[in-house]
Amino acid sequence: MKVLVIGGTGTIGSFVTQELWKRGCEVTLLVRGLSRRVFPNEPGVSVIHGDRKNISLLQAVAEHNFDVVVDLACYEPQDAEAAVQTFAGRIEQYLFVSTVDVYTKPAAVYPVTEDAERNPRKSFAYAWKKAQCEEVFFKAHREKRFAVTIIRPAHTYCEGVTPLLQVFGWTTDHLDRIQKGKPVIIHGDGTSLWSSLYAEDLAVPLANALLTPLAYGKAYNIASEEVMCWNRLYEIVADVMGMPLRPVYVPAKVLGQAFPRKALWCVENFQYSNVFSVALAKKDLGFATRTSYRDGVARCLRWFAENGGFDNSDSPQFDFYERFLRAWETSMRSLMETLIRDTGGVE
């Protein structure tokens with residue numbers, strides 16, 4: 001099987017590349033540059049450096065007569081359109097790695113299944129554009145341009161990537177704060193639900209979908225079966241570090257008002273419970289959660305310890321965190337004093 005992997009050296013792509021290589025596939029990677037993740041430096045894996053937005057390059061790559069394209073780097077509907085125009089009639093299957101964020105939030109019913117409403121807010125640009133990309137590829141499937149399979153991963157992580165997201169996104173200063181015994185902000189009251197999947201666990205079901213007619217025209221949720229509240233996720237990380245957890249709870253709305261850009265993902269995504277059915281992926285693709293969150297966290301923390309540590313929470317870049325905590329604690333103290341005074345005390 002000849003497979004083109006667009007974006008094959010990132011969090012998910014590196015494991016997918018290794019899995020395809022182990023299965024004897026002839027793999028070509030189209031990448032802008034190599035990330036910190038590695039891929040097998042063996043016969044059967046070749047690399048083309050370039051940007052998928054370069055249509056001439058994409059057309060030249062398509063001349064290699066691939067059986068399947070695995071696309072891990074399509075974020076814009078115009079790039080999806082270009083892919084359809086380039087590969088239509090040239091390949092058997094196009095596998096697009098989308099995201100569970102295409103579903104409407106909050107969901108009407110949990111767990112969220114693949115046929116749930118997909119209407120993300122335009123203010124959540126990442127999700128909205130991914131949903132538009134899906135529509136482009138589903139349309140190509142209906143028109144028989146090529147068979148399409150869509151994978152919708154939930155949060156995935158691996159060595160070099162934080163296993164624990166925070167209210168301000170993907171930096172690792174919050175891990176540094178835990179390690180130094182500092183307080184950390186958790187959105188809401190920490191009870192919304194989330195799951196984080198070690199990226200290697202996604203590679204097997206994705207590879208199983210290739211040239212599998214049962215998967216044509218379908219979308220699959222891929223998410224960890226370990227669903228936990230944010231409090232528990234933070235507790236596990238602190239426990240693996242051997243440090244106490246000092247949480248400070250702040251409503252997501254407040255964080256969004258104070259930090260419209262930094263807290264965007266918290267407001268649009270993290271504050272809602274994210275619980276997804278993986279029954280279809282288990283049935284059709286043999287998906288299973290093979291790596292526990294605790295084990296995955298231990299692997300990641302070991303990697304950071306061996307590769308320069310976390311972002312330094314004491315650096316000026318993260319001064320805003322301490323300033324906000326001071327302002328929040330002062331305002332909460334003042335609020336409680338006012339409530340006690342105006343209500344005549346607390347019984």
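Residues numbered from 1 in each chain as written. Predicted model: local features only at pLDDT ≥ 70, side-chain atom pairs only at ≥ 80, totals over all residues. Heavy atoms only, no water.

Chemist: Help me out: how do you make sense of the overall build of the protein chain in this one?
Modeler: The helix and strand inventory of the protein chain stands at 12 helices and 13 strands. Against the compact-globule benchmark of 20 Å for 347 residues, the protein chain has a radius of gyration of 22 Å, which places it among compact chains. Out of the 347 residues in the protein chain, the part that is buried amounts to 52%. For the protein chain, restricting intrachain contacts to residue pairs at least 6 apart in sequence, the fraction spanning at least 24 positions comes to 77%. Computed over 39 positive and 40 negative side-chain charges, the separation of the two mean positions in the protein chain equals 3 Å. (Helix = DSSP H or I, 4+ residues; strand = E, 2+ residues; numbered from the N terminus. Rg over C-alpha atoms; globule rule 2.2 N^0.38 Å. Buried < 20%, exposed > 50% of the residue type's maximum accessible area, 1.4 Å probe, protein only. Contact = heavy atoms within 4.5 Å. Lys, Arg positive; Asp, Glu negative; His and termini not counted. Charge placed at Lys NZ, Arg CZ, Asp CG, Glu CD.)

Chemist: What should I look at first to understand the sheet that holds strand β11 (residues 219–222) in this one?
Modeler: Sheets are built from strands that pair by backbone hydrogen bonding, the pairs being arranged parallel or antiparallel. With parallel pairing, the 7 strands of this open sheet are ordered in space as β3-β2-β1-β4-β5-β6-β11. In the strand order of this sheet, the two ends are held by β3 (45–49) and β11, each with one partner. Averaged over neighbouring strand pairs, the angle between their axes works out to 20 degrees when direction is ignored. Set on the sheet, helix α1 (residues 13–22) makes contact with β1 (2–6), β2 (26–31) and β3; between it and β2 the angle comes to about 160 degrees. Here helix α2 (residues 55–62) sits on the sheet in contact with β1, β2 and β3, set at roughly 160 degrees to β3. (Pairing = 2+ DSSP bridges. Axes fitted to C-alpha atoms, helices over the stretch in contact; angles between N-to-C directions.)

Chemist: Got a minute to help me understand helix α6 (residues 200–209) in this structure?
Modeler: Within an α-helix, residues lying three or four positions from one another point in the same direction, as the helix has 3.6 residues per turn. The buried count for α6 comes to 8 of 10 residues, which makes it a mostly enclosed element. Among the residues making up α6, those that are buried are Asp-201, Leu-202, Ala-203, Val-204, Pro-205, Leu-206, Ala-207 and Ala-209. A positive phi of about 50 degrees marks Leu-211, the residue just after α6.

Chemist: Please explain the environment of Arg-261 as it appears in this structure.
Modeler: Counting through the fold element by element, Arg-261 comes out in the loop between α8 (252–258) and α9 (264–270). Here Arg-261 falls in the exposed class, since its relative accessible area comes to 78%. Sequence spacing of Arg-261 and Gly-169 is 92 residues, and the spatial spacing of their C-alpha atoms is 9.9 Å.

Chemist: Any chance you could explain the nonpolar core here in plain terms?
Modeler: Nonpolar side chains in soluble globular proteins tend to end up buried together. One finds Leu-20, Val-70, Phe-168, Ile-185, Leu-255 and Tyr-293 to be the most contacted residues of the largest nonpolar core, which totals 80 residues. If one sorts the elements of this core by residue count, helix α7 (residues 230–241) sits on top with 7 residues. Beyond its immediate chain neighbours, meaning those up to four positions away, Phe-168 contacts Ile-185, Leu-255, Phe-259, Lys-262, Ala-263, Phe-320 and Tyr-321. (Core = buried A, V, L, I, M, F, W, Y, C linked by side-chain atoms within 4.5 Å.)

Chemist: Can you walk me through the pairing of β2 in this structure?
Modeler: For a regular strand, side chains alternate in direction, first toward one face of the sheet and then toward the other. A large share of β2 lies buried, amounting to 5 of its 6 residues. Traced from β1 through α1 to β2, the parallel crossover comes out right-handed. Two elements, β2 and β3, share 5 bridges in a ladder whose sense is parallel. Bridge pairing links Thr-28 to Ser-46 in β3. (Right-handed = clockwise from strand over helix to strand, strands pointing away.)

Chemist: Any chance you could explain a positive patch on the surface here in plain terms?
Modeler: A cluster of basic residues, Arg-261, Lys-262, Arg-323 and Arg-326, forms a positive patch at the surface. You can see Lys-262 is positioned in the loop between α8 and α9. (Patch = residues over 30% accessible without salt bridge, like charges linked within 9 Å, V, L, I, M, F, W, Y side chains within 5 Å. Areas by Shrake-Rupley, 256 points an atom, 1.4 Å probe, with all protein chains shown as cover. Salt bridge = Lys/Arg side-chain N within 4 Å of Asp/Glu carboxyl O.)

Chemist: Could you clarify how one ought to interpret helix α11 (residues 293–306) in this entry?
Modeler: Compared with an ideal rise of 1.5 Å per residue, which puts 14 residues at 20 Å, α11 spans 20 Å between its outermost C-alpha atoms and is within 8% of the ideal. Among all positions in α11, only Tyr-293, Gly-296, Val-297, Cys-300, Leu-301, Trp-303 and Phe-304 are buried. Buried residues of α11, viewed axially, fall in a sector of 155 degrees; they line one side. In α11, the exposed positions that point more than 90 degrees away from the buried face belong to Ala-305 and Glu-306. Packed against the buried residues of α11 are β7 (156–157), β12 (228–229) and α7. (Expected span 1.5 Å × (residues − 1). Arc of directions from axis to C-beta.)

Chemist: It is not clear to me how unusual backbone geometry should be interpreted in this structure. Could you clarify?
Modeler: Excluding glycine, residues mostly carry a negative phi; peptide bonds, for their part, are mostly trans. Omega for the bond connecting Lys-105 with Pro-106 falls within 30 degrees of zero, at -10 degrees, which places this linkage in the cis form. Inspection of the secondary structure puts Pro-106 in the loop between β5 (93–97) and α4 (125–142). Although it is not a glycine, Lys-144 adopts a positive phi angle of roughly 60 degrees. Residue position: Lys-144 is located in the loop between α4 and β6 (147–153). With a phi angle near 50 degrees, Leu-211 is a residue other than glycine that sits in the positive phi range. Locating Leu-211 in the fold gives a position in the loop between α6 and β11. Since its relative accessible area comes to 33%, Leu-211 is described here as partly exposed.

Chemist: I'm lost on the packing of aromatic side chains in this one. Help?
Modeler: To describe a pair of aromatic rings, one takes the distance between the centres and the angle between the planes. Tallied over the full model, the rule gives 27 aromatic pairs. When the ring of Phe-168 is compared with that of Phe-259, the centres are 5.1 Å apart and the planes differ by 80 degrees; the resulting orientation is edge-to-face. Here Phe-168, found in the loop between β7 and α5 (173–179), pairs with Phe-259, found in the loop between α8 and α9; they are 91 residues apart in sequence, far enough to count as distant. On the basis of relative accessible area, Phe-168 is assigned to the buried category, the value being 10%. The structure contains a cluster of three or more aromatic residues connected by ring pairs, namely Tyr-75, Phe-124, Tyr-126, Trp-170, Trp-194, Trp-230, Trp-265 and Phe-270. Just above the ring of Phe-66 sits the side chain of Lys-2; from NZ or CZ to the centre is 5.7 Å. One cation-aromatic arrangement involves Arg-177 over Tyr-321; the distance from NZ or CZ to the ring centre is 4.1 Å. (Phe/Tyr/Trp six-rings, centres within 6.5 Å; stacked < 30°, edge-to-face > 60°. Lys NZ or Arg CZ within 6 Å of the ring centre and 35° of its normal.)

Chemist: Quick question: what am I supposed to make of the pattern of salt bridges here?
Modeler: Overall, the coordinates contain 23 salt bridges when judged by the stated rule. Glu-19 is the partner of Arg-23 in a salt bridge, and the nearest nitrogen-oxygen pair spans 2.8 Å. Residue classification places Glu-19 among the buried residues on the basis of a relative accessible area of 12%. Here Arg-90 ties to Glu-63 by a salt bridge, and the two come within 3.2 Å at their closest N and O atoms. Linking Arg-90 in the loop between α3 (77–87) and β5 with Glu-63 in the loop between α2 and β4 (68–71), this pair joins segments that are 27 residues apart in sequence. One connected set of salt bridges, linked through shared partners, spans Arg-118, Glu-134, Glu-135 and Arg-152.

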